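So you can see what is in the structure, the chains are spelled out below.
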Amino acid sequence: VGCRFQKIVAHKKELPLGEAHSTGTGKVLFITMDHFRADLLIGGFANVAKLPNLRQLMTEGVSFANHFSVTTPCGPARTSLLTGLYAMNHRSVRSGTPLAAHHTNLALELRKAGREPLLFGYTDTSADPTVKSERDPDLTSYEGLMPGFAEVVQMRFDTCYPWVADLENKGHDVSGYWPLYYPVGDGNDRPDAPTRYSADDSDTAFLTNETIKHLSVRRSQDWVAHVTYIRPHPPLHAPQPWNTLHAAADIPEARAIGDVAAERAVHPVIDAMFSQPTLKYMYRGFDGRLDAMSSETRQSLRAVFMGLAAEVDHHLGRIFDWLKQTGQWDDTLIIVTSDHGEMLGDHLMWGKQTIYDPCYHVPLIIRDPRNLSTAGTIVEEFVETIDLAPTILEWAGGTPPFVFDGRSLLPFLAGETPDDWRDHAFMEIEFGTPGTPSVIERKIGLDLLQANAAILREHKWKYVHFNGGLPPLLFDVETDPGETTNLAGDPHYEGELLRLSRKMLDHRMTHQFKAHSATVIGKVP
């Protein structure tokens, strides 16, 4: 071992700074935003949202119009994104639910391929207590590190220490963490009131600065960087000029069935969601009563959300420009997506923990410098967040493991569609909370294992199956994209309900517990 260590040290000394670990297979920039909806780029907001850099990237890469996160909220969504597994298989189904240590993931598989995966941001991974000491601080946070990543810049949402330290160094009062995101002074509880920090000092600007700084000394390496932006995640306050970049009057109004009573009548789970205040961190002074939010406030919040998204776009442009200026643009696979979406007032709801499309439909743009002939194309087939881990791994010279539920998207980047590609998207969500039952558990009388739902989404039909004997939902999303008319109770559609329920069962039976099956048939050690 000692001789081997000496050889490694000697080898590293012979290489100039930035050339170690170069494999000659290209660079990877994997960008994940938070709460970013697909229709900001393709859909209802496309003509309003000021996102010039992402729109330019769409002309140079391949865009996926039907890309869906397979679960929500942040922790489960990012776990699926990085493990390539449906939630039913990795079972880290809530932010804070541990991820079992036996699961592999993109970072670990990249290391097998000789690549070091760098993290600029966060993965929201809850550690497995069976492999940790009971006093290990990793067990106190849901914002842990996905195994295998080298955490270059820590930008965790609740404990964003590097950014806070930077603000303090610049003279900001950082004695209270959450107030950092809020406007200062009496009466500044309007959503469009500017934050106390300037645009140059925002969390988005800081992460971008740090990413460019750390990658600048790796220019000769074939680096793999996972850059994760917190925004446009709430609190919905932005620094100037992003806070007023979009006028509320220019933003399309939220889609809704009708008043709150009409929304609550759709399903017992939705009724329970409205039965108590929630999301009080949405903006300064919010009391959590979604049912009482005025249309004026709703439009103002939507406009600020657009501003936060535009701020991320601006800083993505900085990274893209840096890649071009340093000659790395045509050596780099660029992937831009989001962990999940945001209701943004649709159905009078906010956040990401419900069954409607805005929670799951997220953007995906991939620029592959090896396949520039497909630049500007839009793929209509269903792809899922679990497809990104095998895509990145294969492009970087690795072999996607059998246990991944997702499939590589490289054929689409070459202009090809596999004959056996899926014709639907599959999604899951948990409504229960361990220890203290959630409002849905209490109000409906479900236990922890019953408080969940699964969704099967085709181009025309969307089927939502609730556990615990609750009634399903059925939407014709081809003619009713806003999901305003539930057809599940109409006898005319009983055949579709039966077909979709069988199809969902087939999907689950095909994919569930795949890792165990792989071990049994000898696909993995």
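1. Considerations on the overall build of the protein chain
If you tally the helices and strands in the protein chain, you get 15 helices and 12 strands. Here the protein chain has a C-alpha radius of gyration of 23 Å; the compact-globule value for 525 residues is 24 Å, and the two agree. Projecting the C-alpha coordinates of the protein chain onto the three principal axes gives extents of approximately 70 × 65 × 55 Å. Of the contacts made within the protein chain by residues no fewer than 6 positions apart, 72% connect residues no fewer than 24 positions apart. Surface summary for the protein chain: the accessible area is close to 21,400 Å², and the carbon and sulfur share equals 51%. With 49 positive and 67 negative side-chain charges, the protein chain shows a separation of 5 Å between the mean positions of the two kinds.

2. Quick notes on the sheet that holds strand β12 (residues 473-476)
Strand order across the open sheet formed by four strands is β9-β10-β11-β12, with antiparallel pairing between neighbours. This sheet does not close on itself; its edge strands, each paired only once, are β9 (425-430) and β12. Across the sheet, the mean angle separating the axes of adjacent strands is 15 degrees when strand polarity is ignored. Contacting β9, β10 (452-457), β11 (461-466) and β12, helix α14 (residues 494-511) runs over the sheet at an angle of about 70 degrees to β11.

3. Re the pattern of salt bridges
Scanning the entire structure with this criterion turns up 35 salt bridges. Close ionic contact of Asp192 with Arg190 constitutes a salt bridge, the shortest N to O distance being 3.1 Å. Given a relative accessible area of 41%, Arg190 falls into the partly exposed group. A salt bridge links Asp476 to Lys460; the nearest nitrogen and oxygen atoms lie 2.8 Å apart. You can see Asp476 sitting in strand β12 and its partner Lys460 sitting in the loop between β10 and β11, a full 16 residues away along the chain. Using a relative accessible area of 10% as the deciding quantity, one classes Asp476 as buried. What you see here is one network of salt bridges that share partners, running through Asp423, Glu458, Glu496, Arg499 and Lys503.

4. Examining the packing of helix α2 (residues 52-60) against helix α10 (residues 295-325)
In a packed pair of helices, the relevant descriptors are the angle between the two axes and the axis-to-axis distance. Close contact between α2 and α10 brings their axes to 7 Å; oriented N to C, the two are set at 50 degrees. It follows that α2 is oblique to α10 by the angle criterion. Here Pro52, Asn53, Leu54, Leu57 and Glu60 of α2 lie close against α10, whose contacting residues are Asp313, His314, Leu316, Gly317, Phe320 and Lys324.

5. Focus on the pairing of β9
Within β9, six of the six residues are buried, leaving the element largely enclosed by the surrounding structure. Going residue by residue along β9, you find Ala425, Met427 and Ile429 tucked away on one face and Phe426, Glu428 and Glu430 tucked away on the opposite face as well.

6. Observations concerning the pairing of β10
Among the six residues of β10, six are classified as buried, and the element is accordingly described as predominantly covered. Side-chain alternation along β10 places Asn452, Ala454 and Leu456 on one buried face and Ala453, Ile455 and Arg457 on a second face that is also buried. Two strands pair when backbone bridges link them, and β9 and β10 are joined in this way by six bridges, in the antiparallel orientation. The partner of Glu428 across the bridge, within β10, is Ala454. Where β10 meets β11, five bridges bridge the pair, whose relative direction is antiparallel. What sits directly across from Arg457, in β11, is Lys462.

7. Side note on the packing of helix α7 (residues 203-216) against α10
Axis separation between α7 and α10 bottoms out at 9 Å; the angle between their running directions is 15 degrees. With respect to α10, the axis of α7 lies roughly parallel. As α7 runs across α10, the sense of the crossing is right-handed. Every residue of α10 that contacts α7 at Thr204, Ala205, Thr208, Asn209, Thr211, Ile212, Leu215 and Ser216 is listed here: Glu311, Val312, His315, Arg318, Ile319 and Trp322. Looking at side-chain class alone, the contact of α7 with α10 contains six nonpolar, six polar and two charged residues.

8. Thoughts on the nonpolar core
Membership of the largest hydrophobic core comes to 101 residues, with the highest contact counts inside it found for Leu29, Ile355 and Phe431. Sort the elements by how many residues they give to this core and α10 lands first, with 14 residues. Setting aside chain neighbours within four positions, we find Leu29 in contact with Trp223, Ala225, Val227, Ile319, Phe320, Leu323, Thr332, Leu333, Ile334 and Ile335. Phe64, Leu110, Val383 and Leu410 belong to the second-largest nonpolar core, a separate cluster that totals 33 residues.

9. What about the sheet that holds strand β3 (residues 117-121)?
With mixed pairing, the eight strands of this open sheet are ordered in space as β4-β3-β5-β1-β6-β7-β2-β8. The sheet terminates laterally at β4 (150-154) and β8 (378-384), the two strands that pair on one side only. Looking at each pair of strands side by side, their axes are set apart by 20 degrees on average, direction ignored. Here four bridges tie β3 to strand β5 (residues 224-228), and the two strands are oriented parallel to one another. Bridging across to β5, Phe120 finds its partner in Val227. Most of the contacts of α2 go to strand β7 (residues 364-367), to which it runs at about 55 degrees, and overall it touches β1 (27-33), β2 (62-68), β6 (332-338) and β7.

10. A few points about the packing of aromatic side chains
Scanning the model with the defined rule gives 12 aromatic pairs in all. Between Tyr283 and Phe286, the aromatic rings sit 5.2 Å apart at their centres with planes inclined by 25 degrees, giving stacked as the arrangement. Classification of Tyr283 by relative accessible area gives buried; the value is 12%. Counting every residue linked through ring pairs, the aromatic cluster contains Phe157, Trp163, Tyr181 and Tyr197. The cationic tip of Lys324 hangs over the ring face of Trp329; the distance from NZ or CZ to the ring centre is 4.6 Å. Here the guanidinium or amino end of Lys460 rests over the ring plane of Trp461, the centre of that ring lying 5.1 Å away.

11. As for helix α3 (residues 74-83)
Residue pairs three or four apart in sequence face the same way in an α-helix, which turns once every 3.6 residues. Within α3, 10 of the 10 residues are buried, which leaves the element mostly enclosed by the surrounding structure. Here the buried face of α3 lies against β1, α4 (87-90), α5 (106-112), β5 and α11 (388-395). Directly after α3, the chain includes Gly84, whose backbone phi takes a positive value near 70 degrees.

Conventions adopted
- Residues numbered from 1 in each chain as written.
- Predicted model: local features only at pLDDT ≥ 70, side-chain atom pairs only at ≥ 80, totals over all residues.
- Heavy atoms only, no water.
- Helix = DSSP H or I, 4+ residues; strand = E, 2+ residues; numbered from the N terminus.
- Rg over C-alpha atoms; globule rule 2.2 N^0.38 Å.
- Contact = heavy atoms within 4.5 Å.
- Areas by Shrake-Rupley, 256 points an atom, 1.4 Å probe, with all protein chains shown as cover.
- Lys, Arg positive; Asp, Glu negative; His and termini not counted.
- Charge placed at Lys NZ, Arg CZ, Asp CG, Glu CD.
- Pairing = 2+ DSSP bridges.
- Axes fitted to C-alpha atoms, helices over the stretch in contact; angles between N-to-C directions.
- Salt bridge = Lys/Arg side-chain N within 4 Å of Asp/Glu carboxyl O.
- Buried < 20%, exposed > 50% of the residue type's maximum accessible area, 1.4 Å probe, protein only.
- Parallel < 35°, antiparallel > 145°, perpendicular 65-115°, else oblique.
- Left-handed = near helix turned anticlockwise from the far one by under 90°.
- Nonpolar A, V, L, I, M, F, W, Y, C, P; charged D, E, K, R; others polar.
- Core = buried A, V, L, I, M, F, W, Y, C linked by side-chain atoms within 4.5 Å.
- Phe/Tyr/Trp six-rings, centres within 6.5 Å; stacked < 30°, edge-to-face > 60°.
- Lys NZ or Arg CZ within 6 Å of the ring centre and 35° of its normal.

Spatial relationships are all this shows, so hold off on functional conclusions.
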